[in-house]
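Structural overview
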Amino acid sequence: MKVFDTPEEMRAWSMERIREGKTIGFAPTMGALHAGHESLMRRSAEENDVSVLSVFVNPTQFGPNEDFDKYPRTFEADCTLAEKTGQQAVYAPHARVMYPEGFATYVDVERLTAGLCGASRPGHFRGVTTVVSKLLNAVLPTRLYLGQKDAQQAAVLRRMARDLDFGVEVVVCPTIREADGLAMSSRNRYLSTEERE
Ligand code: PAF
């Protein structure tokens, strides 16, 4: 399994696969992978000739008082799971590569981002749509795999892909739950027993 950390390397690898006539499946993540991510990676590997995972904790989608600094980072374990689920490549760019000095271009999906999570997390979806645009431009996937758990995110990214002609098929996969019914999330580890209930 290859690990790339610049868009140039990632795109060169993908362009070779495209030249070979292969389809590319892609699951974007912020790492700290759990069974929900695993289901996206497995489906991507099943439905495509090659499959790519990205791991990038994206600073622009966190608000000033959110958990960017303490967001769990488990890169080695993430790579082990990626390999086990049949990923051919992991794209893990550094923040300075994604957002170099002078970075000034953002992608904004209007209306769909106004309510729900968008109302309580100003700027969150602008960060998500910007980073996913950049990831799509590097990975050049045929299909993009997203979780139904983040329903608004899936709707926003589907609209973005359509409006900006990314030419990618958006596949939304079912929510995977813990035994007690809680949707799996990298942030579940923050919950106390009462909060969890
Ligand atoms: O759902 C996530 O983990 C993130 O919002 C995503 C899509 C990887 C963009 O950073």
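Treat the numbers as computed from the prediction; the structure is a model and nothing was measured.

A short note on the pattern of salt bridges
- What the rule picks out here adds up to 11 salt bridges.
- The salt bridge partner of lysine 22 is glutamate 20, with a shortest N-O separation of 3.2 Å.
- By relative accessible area, lysine 22 is classed as partly exposed at 35%.
- As a salt-bridge pair, glutamate 66 and arginine 121 come within 2.4 Å of each other at their nearest N and O atoms. Taken together, the residues glutamate 66 in the loop between strand E3 (50-55) and helix H3 (75-84) and arginine 121 in the loop between helix H5 (116-120) and helix H6 (124-139) connect sequence positions 55 residues apart.

What to know about the side chain of threonine 113
- Counting through the fold element by element, threonine 113 comes out in the loop between helix H4 (95-98) and H5.
- For threonine 113, a relative accessible area of 16% gives the class buried.
- Reaching out from threonine 113, the side chain makes a polar contact with the backbone oxygen of valine 109 at a distance of 2.7 Å.
- Ignoring any residue separated from it by four or fewer positions in sequence, one finds threonine 113 in contact with Gly118, Ala119, Phe125, Gln152 and Val156.

Description of the site of the ligand
- Surrounding the ligand, one finds Pro28, Thr29, Met30, Asn58, Gln61, Val128, Val131, Val132, Asp150 and Gln153.
- The contact in question runs from an oxygen atom of the ligand to an N or O atom on the side chain of glutamine 61, over 2.6 Å.
- Within the side chain of glutamine 153, a nitrogen or oxygen atom sits 2.7 Å from an oxygen atom of the ligand.
- A total of 290 Å² of accessible area belongs to the ligand in isolation, and the protein chains cover 89% of it.
- No other element matches H6, which puts 3 residues into the shell around the ligand.
- Looking at the shell around the ligand, its residues break down into 5 nonpolar, 4 polar and 1 charged.

Side note on the packing of helix H1 (residues 7-19) against H6
- Direction vectors running N to C along H1 and H6 enclose 50°, while the axes themselves pass 7 Å from each other. Overall, the two elements H1 and H6 adopt an arrangement that is oblique. Contact residues: Pro7, Met10, Arg11 and Ser14 in H1; Asn137, Ala138 and Val139 in H6.
- Here the residues of the contact of H1 with H6 are counted per class, giving 4 nonpolar, 2 polar and 1 charged.

Notes on a nonpolar patch on the surface
- Taken together, the side chains of Met1, Val3 and Phe75 make up a nonpolar region of the molecular surface, amounting to roughly 230 Å² of accessible area.
- Tracing the sequence through the fold places valine 3 in strand E1 (residues 2-4).
- We classify valine 3 as partly exposed; its relative accessible area is 45%.

As for the nonpolar core
- Counting 31 residues, the largest nonpolar core has Met10, Val52 and Tyr91 as the members making the most contacts within it.
- Elements with a contribution of two residues or more to this core: H1, strand E2 (24-29), E3, strand E4 (89-91), H6, strand E5 (143-147) and helix H7 (151-163).
- Ranked by residue count, the leading element in this core is H6, at 8 residues.
- Of all hydrophobic cores here, the second largest spans 13 residues; its members include Ala27, Val55, Ala82 and Tyr145.

Conventions adopted
- Residues numbered from 1 in each chain as written.
- Predicted model: local features only at pLDDT ≥ 70, side-chain atom pairs only at ≥ 80, totals over all residues.
- Heavy atoms only, no water.
- Salt bridge = Lys/Arg side-chain N within 4 Å of Asp/Glu carboxyl O.
- Buried < 20%, exposed > 50% of the residue type's maximum accessible area, 1.4 Å probe, protein only.
- Helix = DSSP H or I, 4+ residues; strand = E, 2+ residues; numbered from the N terminus.
- Polar contact = N/O pair within 3.5 Å; in protein donor to acceptor, adjacent residues only side chain to side chain.
- Contact = heavy atoms within 4.5 Å.
- Near = heavy atom within 4 Å.
- Areas by Shrake-Rupley, 256 points an atom, 1.4 Å probe, with all protein chains shown as cover.
- Nonpolar A, V, L, I, M, F, W, Y, C, P; charged D, E, K, R; others polar.
- Axes fitted to C-alpha atoms, helices over the stretch in contact; angles between N-to-C directions.
- Parallel < 35°, antiparallel > 145°, perpendicular 65-115°, else oblique.
- Patch = residues over 30% accessible without salt bridge, like charges linked within 9 Å, V, L, I, M, F, W, Y side chains within 5 Å.
- Core = buried A, V, L, I, M, F, W, Y, C linked by side-chain atoms within 4.5 Å.

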